[in-house]
Amino acid sequence: NWNVTCHTAMVLGALAVAEDYPEAANTVLDKAITYMPTCLKYFKPDGVWYEGNTYWIMTTEFLTLYLRAIADNDPTHNSIAALPGIKETGTFFLRTLQSSGDMFCYADGHSTTPVNYPTFFYFAKAFNQPELAQWCRGEIKKSIANNSTLNEFFFLSLPWYNTATASTTAIPSLQVFHNDIADIAVLCGDQSKAGALKLITKGGQPMKSHQQMDAGTFVVGSDGIDWTAELGAENYNVPGFWENKAGGRRWNYFRNNNFSHNTIAIDKQLHNAEGSAKVSNAIYDGANPSVTIDMSSMLSPLAQSAHRTFTLVDDYTIDVTDEV
């Protein structure tokens, strides 16, 4: 995310003096196109940001500053918008909100930060996604009514304001957002019915940046209430916080290890920090859609194989089956 932040700042500065220093400005713009994909590749293919919602916000708020500035001033340098996952990431964020409207608090993320970012107005217009604009207007209204803290770029909500309204469409019963590091899946009953459930689960790789041992965890809720919770990020200043290798001190902290998550633990042992959990199967059709996460390497060597399957039995029932 710092890759995007720094390049955006340099590009905005370059555009500000481009009339006087065109060659220098073009050099900065060319370098941004060359190096920003090094970071942005982590959005592919479905828009997931594996480091958690807090870092999704940091990355996309600067990314949209860049994309809007380029689109308005130098469209020849606009190839970043076409990278895999960029178009999808706003919808990913919206679909993975919990029943309460709080953010799904995976990795080093937080759940209750007010979501009043003009980022969604940009995505709504650039990629013809009116539901993002409609939702963002509602979040801004709530933030003002509750006197909530406003995002540092909130002022852009005025020039970027979008009045688009989405047609009512049913949310799919199962959506899987694939990612090289952390697949995320959402199962939900008919959200127009009182009491219908919504469940969010994920895969993961503990040794990657900002990860916790939360692979296989899930949150579930209904009617605006979250019935389970993720605790969020630990204090970054605790000793050994960044030791994410096997045996590292990062895993001594409850928030970071698997004991604080709704996932599998065998014999009170930590997950394998070198492991990886991925969605291995998804059934979208039929009355009972389901998704399976392969936890085998995460629980190695304690188990030869381990799979966790979530099945939507009906609008009010989701079955969780562990095969170890």
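Please refer to the structure placed before this passage.
The notes below deal with the structure included here. (Residues numbered from 1 in each chain as written. Predicted model: local features only at pLDDT ≥ 70, side-chain atom pairs only at ≥ 80, totals over all residues. Heavy atoms only, no water.)

The next subject is the sheet that holds strand S6 (residues 278–283). The strands making up a sheet associate through hydrogen bonds between their backbones, and the pairing can be parallel or antiparallel. Within the open sheet, the 4 strands sit side by side as S6-S7-S8-S9. Their pairing is antiparallel. With partners counted over all chains shown, the strands left at the sheet margins are S6 and strand S9 (317–323), one partner each. Going across the sheet, the axis of each strand differs from the next one's by a mean of 20°, ignoring polarity. In terms of strand pairing, strand S7 (residues 290–294) meets strand S8 (residues 307–314) through 5 bridges, oriented antiparallel. Pairing of Ile 293 across the sheet is with Arg 308, part of S8. (Pairing = 2+ DSSP bridges. Helix = DSSP H or I, 4+ residues; strand = E, 2+ residues; numbered from the N terminus. Axes fitted to C-alpha atoms, helices over the stretch in contact; angles between N-to-C directions.)

What follows concerns the pattern of salt bridges. Considering all chains together, one arrives at 9 salt bridges under this definition. Between Asp 72 and Arg 68 there is a salt bridge, and its shortest N-O distance comes to 2.9 Å. Of the two residues, Asp 72 and Arg 68 both sit in helix H3 (residues 53–73), 4 residues apart, roughly one turn of that helix. We note a salt bridge from Arg 95 to Glu 131, for which the minimum N-O separation is 3.2 Å. Taken together, the positions of Arg 95 in helix H4 (residues 89–95) and Glu 131 in helix H6 (residues 130–145) put the pair 36 residues apart, joining distant regions of the chain. Under the relative-accessibility criterion, Glu 131 is labelled partly exposed at 24%. (Salt bridge = Lys/Arg side-chain N within 4 Å of Asp/Glu carboxyl O. Buried < 20%, exposed > 50% of the residue type's maximum accessible area, 1.4 Å probe, protein only.)

Moving on, we come to the pairing of strand S4 (residues 218–222). With 5 of its 5 residues buried, S4 lies for the most part within the structure. Residues Phe 218, Val 220 and Ser 222 line one face of S4 and the alternating positions Val 219 and Gly 221 line the opposite face, and both faces are buried. When strand S3 (residues 197–202) meets S4, the two strands line up antiparallel, connected through 5 bridges. Paired with Leu 197 across the two strands is Ser 222, which belongs to S4. Looking at chain direction, S4 and strand S5 (residues 225–226) are connected through 2 bridges and run antiparallel.

Turning next to unusual backbone geometry. Going from Lys 44 to Pro 45, the amide bond is cis rather than trans, its omega being -10°. Topologically, Pro 45 is positioned in the loop between helix H2 (22–40) and H3. Note that the residue after Ser 300, namely Pro 301, is joined by a cis bond; omega there is 5°. By the element assignment, Pro 301 lies in the loop between S7 and S8. Non-glycine residue His 210 carries a positive phi angle of around 65°.

To continue, consider the packing of aromatic side chains. A complete count under the given rule lists 21 aromatic pairs for this structure. Relative to Trp 49, the ring of Phe 43 lies with its centre 4.7 Å away and its plane at 45°, an arrangement referred to as tilted. No difference in accessibility class separates Phe 43 from Trp 49, as the two residues are buried. With a centroid separation of 5.7 Å and 70° between ring planes, the pair formed by Phe 218 and Phe 310 is classed as edge-to-face. Taken as a pair, Phe 218 in strand S4 and Phe 310 in strand S8 lie far apart in primary sequence, 92 residues in all. A relative accessible area of 17% means that Phe 218 is categorised as buried. A relative accessible area of 0% means that Phe 310 is categorised as buried. The ring of Phe 241 has Arg 250 lying over it, and the distance from NZ or CZ to the ring centre is 4.5 Å. (Phe/Tyr/Trp six-rings, centres within 6.5 Å; stacked < 30°, edge-to-face > 60°. Lys NZ or Arg CZ within 6 Å of the ring centre and 35° of its normal.)

Take the nonpolar core next. Counting 56 residues, the largest nonpolar core has Trp 56, Leu 63, Phe 93 and Phe 120 as the members making the most contacts within it. With 10 residues, the single largest contributor to this core is H3. Residues contacting Phe 93, with those up to four places away along its chain left out, are Asn 53, Trp 56, Met 103, Val 115, Phe 120 and Trp 135. (Core = buried A, V, L, I, M, F, W, Y, C linked by side-chain atoms within 4.5 Å. Contact = heavy atoms within 4.5 Å.)

Looking now at the sheet that holds strand S2 (residues 184–188). Reading across the sheet, the 5 strands line up as S1-S2-S3-S4-S5 and stay open at both edges, with antiparallel pairing between neighbours. Each edge of the open sheet is held by one strand with a lone partner, namely strand S1 (174–177) and S5.

Strand direction decides the pairing type here: S6 and S7, joined by 5 bridges, are antiparallel. Opposite Ile 283, over in S7, you have Ser 290 as the bridge partner. Linking S6 to S7, which pair antiparallel, is a turn of 6 residues; within it Gly 286 sits at a positive phi near 90°.

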